[in-house]
Amino acid sequence: MDIVILVIAILLIGVLCYKGVPTPIGGVACSLILLIYFRMDIYDGLLTTYMGGFVSFVQKWFLMFLIGAVFGKIMDITGAADSLARMVLRVVGEKRISLGICIVSALFIASGISVYITLFIVLPLAIKMCRRANLSRCFIIAGYSLGINIGLSLPYVAVANNVLCTDYFGTEVSSGGLLAIFCTAVYAVVGMLWITYYEKRMKKKGIGYVPAENEQVSLDDEVDPKDLPHWILAVIPMIVPIIALNALKLQVEFALILGVAASIILLFKYLPHKWEPIKKHFVDSINTTTATVINTSAIVGFGTIITATPGYEVAVEKILGINGHPLFVALISVTLIAGVAGASSAGIVLAAPVLTQILPLTNAAVFHRTVIYGSLGLDSLPHAGFLQTECNLAGVKFKDVYLPIIFMETVVMTLGMGLLYVLINIAFGLA
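Residue numbers here run from 1 along each chain, matching the order of that chain's written sequence. Note on the predicted model: pLDDT of at least 70 is required for a residue's local features to be given, and 80 or more for side-chain atom pairs to be given and counted; whole-chain, interface and lining totals, by contrast, use all residues. Calculation of side-chain values draws on the structure's entire complement of heavy atoms; hydrogens and water are dropped beforehand.

## Structural notes on the overall build of the protein chain
Consideration 1: Counting from the N terminus, the helices are the DSSP runs of H or I reaching at least four residues and the strands are the DSSP runs of E reaching at least two. In terms of regular secondary structure, the protein chain is built from 18 helices and 0 strands.
Consideration 2: Taken over C-alpha atoms, the radius of gyration comes to 22 Å for the protein chain, in line with the 22 Å a tight globule of 431 residues would show.
Consideration 3: Taken over 431 residues, the protein chain has a buried fraction of 54%. To get the radius of gyration, use the C-alpha atoms; to get the globule rule, take the number of residues to the power 0.38 and multiply by 2.2 Å. Exposed residues in this analysis have more than 50% of their type's maximum accessible area, buried residues have under 20%, and partly exposed residues fall in between, with area computed by a 1.4 Å probe over protein chains only.

## With respect to the nonpolar core
Consideration 1: Residues belong to a common nonpolar core when they are buried Ala, Val, Leu, Ile, Met, Phe, Trp, Tyr or Cys residues joined through side-chain atoms within 4.5 Å. Residues Leu34, Met75, Phe108, Phe302, Leu355, Phe367 and Val371 are the most contacted members of the largest nonpolar core, which totals 135 residues.
Consideration 2: Counting residues per element, this core draws most heavily on helix H3 (residues 42-77), at 13 residues.
Consideration 3: Setting aside residues no more than four positions away along its own chain, Leu355 makes contact with Phe169, Ala330, Ser333, Val334, Phe367 and Val371. The contact criterion used is simple: two residues touch if any of their non-hydrogen atoms lie within 4.5 Å.

## Some points on the pattern of salt bridges
Consideration 1: A pair is scored as a salt bridge if a Lys or Arg side-chain nitrogen falls within 4 Å of a carboxyl oxygen belonging to Asp or Glu. Scanning the model with the defined rule gives 7 salt bridges in all.
Consideration 2: Here Lys73 makes a salt bridge to Asp284, at a shortest N to O gap of 3.9 Å. Separated by 211 residues along the polypeptide, Lys73 in helix H3 and Asp284 in helix H12 (residues 275-308) bring together distant segments of the chain.
Consideration 3: Across the pair Glu276 and Lys279 runs a salt bridge whose closest N-O atoms are separated by 3.6 Å. Residue Glu276 and its partner Lys279 are located together in helix H12, separated by 3 residues, close to a single helical turn.

## Thoughts on the packing of helix H7 (residues 138-153) against helix H9 (residues 177-204)
Consideration 1: Where H7 contacts H9, the axes come no closer than 10 Å and their chain directions differ by 175°. With respect to each other, H7 and H9 are oriented roughly antiparallel. Note on element contacts: H9 touches H7 through Thr184, Tyr187, Ala188, Gly191, Met192, Ile195, Tyr198, Glu199 and Met202, opposite Cys138, Phe139, Ala142, Gly143, Leu146, Asn149, Ile150 and Ser153.
Consideration 2: As a working rule, the residues Ala, Val, Leu, Ile, Met, Phe, Trp, Tyr, Cys and Pro are called nonpolar, Asp, Glu, Lys and Arg charged, and the rest polar, with Gly in that last group. Taken together, the residues that form the contact of H7 with H9 break down as 11 nonpolar, 5 polar and 1 charged. As a rule, the C-alpha atoms of each element are fitted with a line to give its axis, helices using only the stretch in contact, and angles between N-to-C directions run from 0 to 180 degrees. Put simply, angles under 35 degrees are roughly parallel, angles over 145 are roughly antiparallel, angles from 65 to 115 are roughly perpendicular, and the rest are oblique.

## Quick word on the packing of aromatic side chains
Consideration 1: Whether two aromatic rings pair depends on their centres lying within 6.5 Å, for rings of Phe, Tyr and Trp, where Trp uses its six-membered ring; planes under 30 degrees apart make the pair stacked, over 60 edge-to-face, and the rest tilted. What the rule picks out here adds up to 8 aromatic pairs.
Consideration 2: Ring centres 5.3 Å apart and planes at 75° place the aromatic pair Tyr373 and Tyr421 in the edge-to-face group. Highlighted residues: Tyr373 in helix H16 (residues 364-375) and Tyr421 in helix H18 (residues 398-427), separated in sequence by 48 residues. Each member of the pair, Tyr373 as well as Tyr421, carries the same accessibility label: buried.
Consideration 3: One aromatic cluster is present, formed by Phe139, Trp194, Tyr197 and Tyr198 through successive ring pairs.

## Notes on the environment of Ala298
Consideration 1: One can find Ala298 in helix H12.
Consideration 2: In the structure, Ala298 is positioned 228 residues away from Val70 in sequence and 23 Å away in space, judged by C-alpha atoms.

## Side note on unusual backbone geometry
The bulk of non-glycine residues show a negative phi, and the bulk of peptide bonds are trans.
Consideration 1: At Arg39, a position not held by glycine, the phi torsion is positive, near 55°.
Consideration 2: In this structure, Arg39 sits in the loop between helix H2 (23-37) and H3.
Consideration 3: On the basis of relative accessibility, which here comes to 79%, the residue Arg39 falls in the exposed class.
Consideration 4: At Lys249, a residue that is not glycine, the phi angle is positive and equals roughly 60°.
Consideration 5: You can see Lys249 is positioned in the loop between helix H10 (231-246) and helix H11 (252-266).

## A few points about the packing of helix H15 (residues 344-355) against H16
Consideration 1: Taken N-terminus to C-terminus, the directions of H15 and H16 make an angle of 140°; their axes are 9 Å apart at the nearest point. Judged by the angle between their axes, H15 and H16 are oblique. Of the two elements, H15 crosses H16, and the hand of that crossing is right-handed. Between H15 and H16, the residues in contact are Ser344, Ile348 and Leu355 and Phe367, Val371, Ile372 and Ser375, respectively. Here is the rule for handedness: rotate from the far helix to the near one, and if that takes an anticlockwise turn smaller than a right angle the crossing is left-handed, while a clockwise turn gives right-handed.

## Some thoughts on the confidence of the model for the protein chain
Consideration 1: Per-chain confidence: the protein chain averages 84 in pLDDT, with 92% of residues scoring 70 or above.
Consideration 2: The predictor attaches a confidence to each residue, called pLDDT, with possible values from 0 through 100. Mean pLDDT across the secondary structure elements of the protein chain bottoms out at helix H17 (residues 385-394), with 68, and peaks at H16, with 95.
Consideration 3: Of the regions scoring below 50 in pLDDT, residues 214-220 engages in 13 contacts with residues more than four places distant in sequence or in other chains.

## Observations concerning helix H5 (residues 97-110)
Consideration 1: Helix length check: H5 (14 residues) gives 20 Å between terminal C-alpha atoms against 20 Å at 1.5 Å per residue, within 8%.
Consideration 2: Of all 14 residues making up H5, 11 are buried, and the element is well covered by its neighbours.
Consideration 3: For H5, the full list of buried residues reads Ile97, Ser98, Gly100, Ile101, Cys102, Val104, Ser105, Ala106, Phe108, Ile109 and Ala110.
Consideration 4: A positive phi of about 100° marks Gly112, the residue just after H5. Expected helix span is computed as 1.5 Å times (number of residues minus one).

As structure tokens, this is what we get:
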């Protein structure tokens, strides 16, 4: 019964997120249910256990999220991200818009820019390109969804999930190495083949570009391309953190700071030089960071309550007693928890404390990358709030894109990528 109550509490927080209940409220409410059921001290549970986990996450990750937000803001306001997006879309051509959106999204995510900022950067150009090519807006979501999962899957990059795993498992951001890159490349190719197939089906049905009822972005260029920085100036600051992390072995915060410094130096001409606009952009970055960190910390606090309950020990015994390779246990457990919580990071922070106990049974680096793949599958079930946001901004109906595009790309194919990675490692005795 204890395990059933834990499962119900985890399911409930997923339902509350789906219904739009603020994550901190849902986290506290579900924590109260567990504290009451297990007859634990409510005051101490909330003030010490829950807030202990909450504050611990803020202490560890706020600075990294803030620096990443500032970096994304600089790339945005200087036009560097716009310039890079235009270059990629120009190279791939109007016939392969989804590929261009995918490449741009993957580049931005891999450089540490958040999924929201990436969407806001890519969206205006993508809508314009779809209109020119008479291509359904659905393929904005197709390219974007594939791109963000590619960026989040890659080793060597300073994305949140990758860094979270280094903290829990004592590994490095390069975990998985070339094999992980190979599996991600297979995922990218299969994903683009599916998009191409689906695009042809849409064209045969005569479905093309349809203006949204309420446009939320401008379809006209607001900036003359000649006024934008060269796209190379956008690429260099994105490469700097990757080199700093993997070659210089710097901490992720210092690596991102170097990326910010490089962007300021190279793009100084395009930055505002008056205090008021500078202050506004910095405040925007703080607000974005605060909202992201608080929402994640609320889940972490709930996870801390779970680990403090007697039912947690029983659950650990059950999970550790599963007959199967540790990599399969990790892939399945993280996938299920991420699916319930509706967020990949939640899947990691809730499952990691248990998974650390089976970590010694296999290769830590392979285990790290398996957890990353597992976190990116079922986190895209319908109750994931971000899916609704991206569909609304792109001007498409959720029901039109979920099963043929989002579900196929970010659930079926992502889990296939994780399974491929696990099977190759087991087959060749690497784990």
